[in-house]
Number of protein chains: 2
Amino acid sequence: MAREDQRQSIAEIVADRAKVSRAAVSRAFNPKAPLRADKRELVLRIAEEMNYVPNMAGRALATQRSHLVGVIVPHVCSPWESLEIDALTTALQDRGFATLLFKTRIDRSLDPKLLSYMRAYNPDSVVVFTENVPPDQLHRAFDQAVPVYVDYPNEATDPGPLPESGMHRFDCLRVLQRDGIEQAVALLSGFGRRRFAYLAGNPKAQANTARLRTLQQVLAARGLPPAAVVEGDFSYQRGHDAIIELFRGGPGAEAVFAANDVSAFGALDALRHALGLRVPEEVSVVGFDDIDQAAWRSYDLTTIKIDVEERVAALVRLILQRLQNRAAPPLVETIRTKLVVRSTVA
Amino acid sequence: MAREDQRQSIAEIVADRAKVSRAAVSRAFNPKAPLRADKRELVLRIAEEMNYVPNMAGRALATQRSHLVGVIVPHVCSPWESLEIDALTTALQDRGFATLLFKTRIDRSLDPKLLSYMRAYNPDSVVVFTENVPPDQLHRAFDQAVPVYVDYPNEATDPGPLPESGMHRFDCLRVLQRDGIEQAVALLSGFGRRRFAYLAGNPKAQANTARLRTLQQVLAARGLPPAAVVEGDFSYQRGHDAIIELFRGGPGAEAVFAANDVSAFGALDALRHALGLRVPEEVSVVGFDDIDQAAWRSYDLTTIKIDVEERVAALVRLILQRLQNRAAPPLVETIRTKLVVRSTVA
DNA sequence: TTGTATGCGTTATCAC
DNA sequence: GTGATAACGCATACAA
């Protein structure tokens, strides 16, 4: 009857059908925007029928909030990281944020090109699993988004999350390794183990250096000799080969700490199948992380657990609090490790 | 000197410093837009200095291309899926697309709410790893984005990718199971195995039903008795327990096909540690996927491999070709499986 | 409450 | 090749 308009957007059609303005449609989707309840209901119903949802790009432009959280990882397919991505995605999704996934190249270093590539999407926040990128660099790259930094403090010297100490200029998640390591060393020590080895992870990864540092501190505190260190890279294969080198080339060890569970599996298989040693009778093995595979019967690995859910919950708190108040002082969350005892220690 | 403008955007500042128009800055970042080479270079240099990159939200609005690819998975942390997400993210990133990750709830079914949630981000394409969602529903949900459907055809009846057959109304990746299964059955048959069992995955997953169907067809073609089927869900634990039920409650089997590698590991551990049977001497085990863990020494699993790189390359071809030509007839890519022989078969 | 008008950052169209 | 200008889809300040 009336003349057709040039070309209507879906949102406008929804508005027309509900006999409201385009603005009302927008408000209907924003729970705290003022709109009469029945109108909101009507608009939402019609929108549903027409399969209309507000476009995030438009919304991002108007509100300066992309509802995107950038996540940068070296390997999605590493078990621990996939576990964390899984939990993080779920938690963010529940809160209306989508996960934007990026992968670093070969090594764990962060290509500046990747950063600006990511910047283009204007994520509201950024989580970087690559541990060797200085937080300053991150903050320089993301003037808008607020990166969350994972910190592995030296627990022997770092006083902890005291804002006065001036050490924490950025939001960070502090991962404390000591508890689990102390428990593991106590257990091994109780079984009479004295000669320790540390199967390292990627030397650039802070998780690796923090674990080694803490282990040596804990051993020293007990008057035990320092652990022999063998180079590794967090991988199964390297863990496997490194342990063979360690035991073929020298006196071996009575207890092996691996920098993560996956390399602990490599160590276990090397000890049992390549070297013909019995675990735990002849050699004890302890891992880090407690990924699903650690409970598999063929490994049944005693390991120092980081609770993924706890860790992700802390990350999400950091992200959301910062988003709520851009100007707040640096936030700190702290998580701890604990020993999970299975059958690779005796 | 001259009066300051109200408030300049970063892009405008870049334009000013390069003494060009705002439009020229935009063109500088679009390689095929017309712009004198030296101007382009100058703009890019200044932009680099000022840490400016074009905003994707704005670009998406103007071009109707978000450069986002939505990926929906049930579990990020399942080894096979994390492998695929990893490869897909890398491939897409290289081509200027970012991966937008979403997770389905508990079961593998697709919440319609998740679909519209995702629609809001206007992904250019959508890859759904959840296999029990009918492609029609997907196409209805994404009028703009073009979902890629993973198809597991019945290889005994489906003539293949003939457009004339009218069966393929949507772009799809056809995964053919037969080759690897035929090879595995030939090998097992050559070792004298006759009593087969199939440790199922999630009954709703097409990967599961296709593997079972094909296995039975291959066995029948050789005149072998059909495989006994035990219920499973792709998990280690269920694989472990199901095998115990199978062997405690009846005659067991001479060869076990597991619907995926992870449940094959559960089966292996159950056979060896809970049932005290020798693998491969007393029971042979074959998995599906060939994830990294299949090569680990404690399992060393003979498995039917799907090449991730090949699969992802095919997916990316589908996505990019469709984006290049929205109106093209349905695209089909086909990949096959092949047997990887390790030590769980004899 | 509601509608109108404007701006968010970008690209495309159109003149030059 | 280049610069002005009008969209793109949304949220909001402001006026009603």
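For the structure itself, look to the data block above.
Parameters and conventions
- Residues numbered from 1 in each chain as written.
- Chains lettered and ligands numbered in written order.
- Predicted model: local features only at pLDDT ≥ 70, side-chain atom pairs only at ≥ 80, totals over all residues.
- Heavy atoms only, no water.
- Axes fitted to C-alpha atoms, helices over the stretch in contact; angles between N-to-C directions.
- Helix = DSSP H or I, 4+ residues; strand = E, 2+ residues; numbered from the N terminus.
- Parallel < 35°, antiparallel > 145°, perpendicular 65-115°, else oblique.
- Left-handed = near helix turned anticlockwise from the far one by under 90°.
- Contact = heavy atoms within 4.5 Å.
- Nonpolar A, V, L, I, M, F, W, Y, C, P; charged D, E, K, R; others polar.
- Near = heavy atom within 4 Å.
- Polar contact = N/O pair within 3.5 Å; in protein donor to acceptor, adjacent residues only side chain to side chain.
- Expected span 1.5 Å × (residues − 1).
- Buried < 20%, exposed > 50% of the residue type's maximum accessible area, 1.4 Å probe, protein only.
- Pairing = 2+ DSSP bridges.

> What exactly am I supposed to notice about the packing of helix α5 (residues 79-94) of chain B against helix α12 (residues 308-324) of chain B here?
The relative placement of two packed helices comes down to the angle between their axes together with the axis-to-axis distance. All names here are of chain B. Packing of α5 against α12 brings their axes to within 9 Å, and their N-to-C directions diverge by 50°. When the axes of α5 and α12 are compared, the pair comes out oblique. Viewed along their axes, α5 and α12 form a crossing whose handedness is right-handed. Taking contact as the criterion, the partners of Trp80, Leu83, Glu84, Ala87, Leu88, Ala91 and Leu92 in α5 are, on α12, Val308, Glu309, Arg311, Val312, Leu315, Val316 and Ile319. Residue composition of the contact of α5 with α12, by class: 11 nonpolar, no polar and three charged.

> Is there a simple way to think about the protein's contact with DNA strand D in this case?
Around DNA strand D lies a shell of 27 residues, among which A:Ser26, A:Asn55, A:Arg59, B:Arg27 and B:Arg36 are the nearest. Contacts to DNA strand D include A:Gly58, whose backbone N or O atom sits 3.1 Å from a base nitrogen. Between a base nitrogen of DNA strand D and a side-chain N or O atom of B:Arg27, the distance comes to 2.4 Å. Contributing elements (two or more residues each) for the surface near DNA strand D: α2 (22-28) and α4 (56-63) of chain A together with α2 (22-28) and α4 (56-63) of chain B. Of the residues forming the surface near DNA strand D, the biggest block, five residues, is contributed by α4(A).

> Sorry if this is basic, but what is going on with helix α5 (residues 79-94) of chain A here?
Each turn of an α-helix holds 3.6 residues, which means side chains three or four residues apart point in the same direction. Residue and element names in this part refer to chain A. Helix length check: α5 (16 residues) gives 23 Å between terminal C-alpha atoms against 22 Å at 1.5 Å per residue, within 8%. Most of α5 sits out of view: 15 of its 16 residues are buried. Gly96 sits one or two residues past α5 and shows a positive phi near 85°.

> Would you explain the environment of B:Thr214 in this entry?
Residue and element names in this part refer to chain B. Secondary-structure assignment places Thr214 in helix α9 (residues 206-221). When its relative accessible area of 0% is taken as the criterion, Thr214 is described as buried. In sequence terms Thr214 and Glu182 are 32 residues apart; their C-alpha atoms lie 8.9 Å from each other. In contact with Thr214, not counting residues within four places along its chain, are Glu155, Gln177, Arg178 and Ile181.

> Help me understand the side chain of A:Thr302, please; the structure alone is not making it clear to me.
Residue and element names in this part refer to chain A. Mapped onto the elements, Thr302 comes out in strand β10 (residues 302-305). Of the polar contacts made by the side chain of Thr302, one reaches the backbone nitrogen of Arg342; its length is 2.8 Å. The contact partners of Thr302, leaving out residues within four places of it in the chain, are Val285, Val286, Gly287, Leu339, Val340, Val341, Arg342, Ser343, Thr344 and Val345.

> I'm lost on the sheet that holds strand β9 (residues 284-289) of chain B in this one. Help?
Think of a sheet as strands paired side by side through backbone hydrogen bonds, with each pair either parallel or antiparallel. Residue and element names in this part refer to chain B. Reading across from one edge, β7-β6-β8-β9-β10-β12 is the order of the six strands in this open sheet, with mixed pairing throughout. At either end of the open sheet lies a strand with only one pairing partner, and these are β7 (228-230) and β12 (338-340). Across this sheet, the average inter-strand angle for adjacent strands is 25°, counted without regard to direction. In the sheet, strand β6 (residues 196-199) pairs with strand β8 (residues 255-258) via four bridges, with the strands oriented parallel. The residue bridging Phe196 from the neighbouring strand is Ala255, located in β8.

This is a description of form; function is not addressed.
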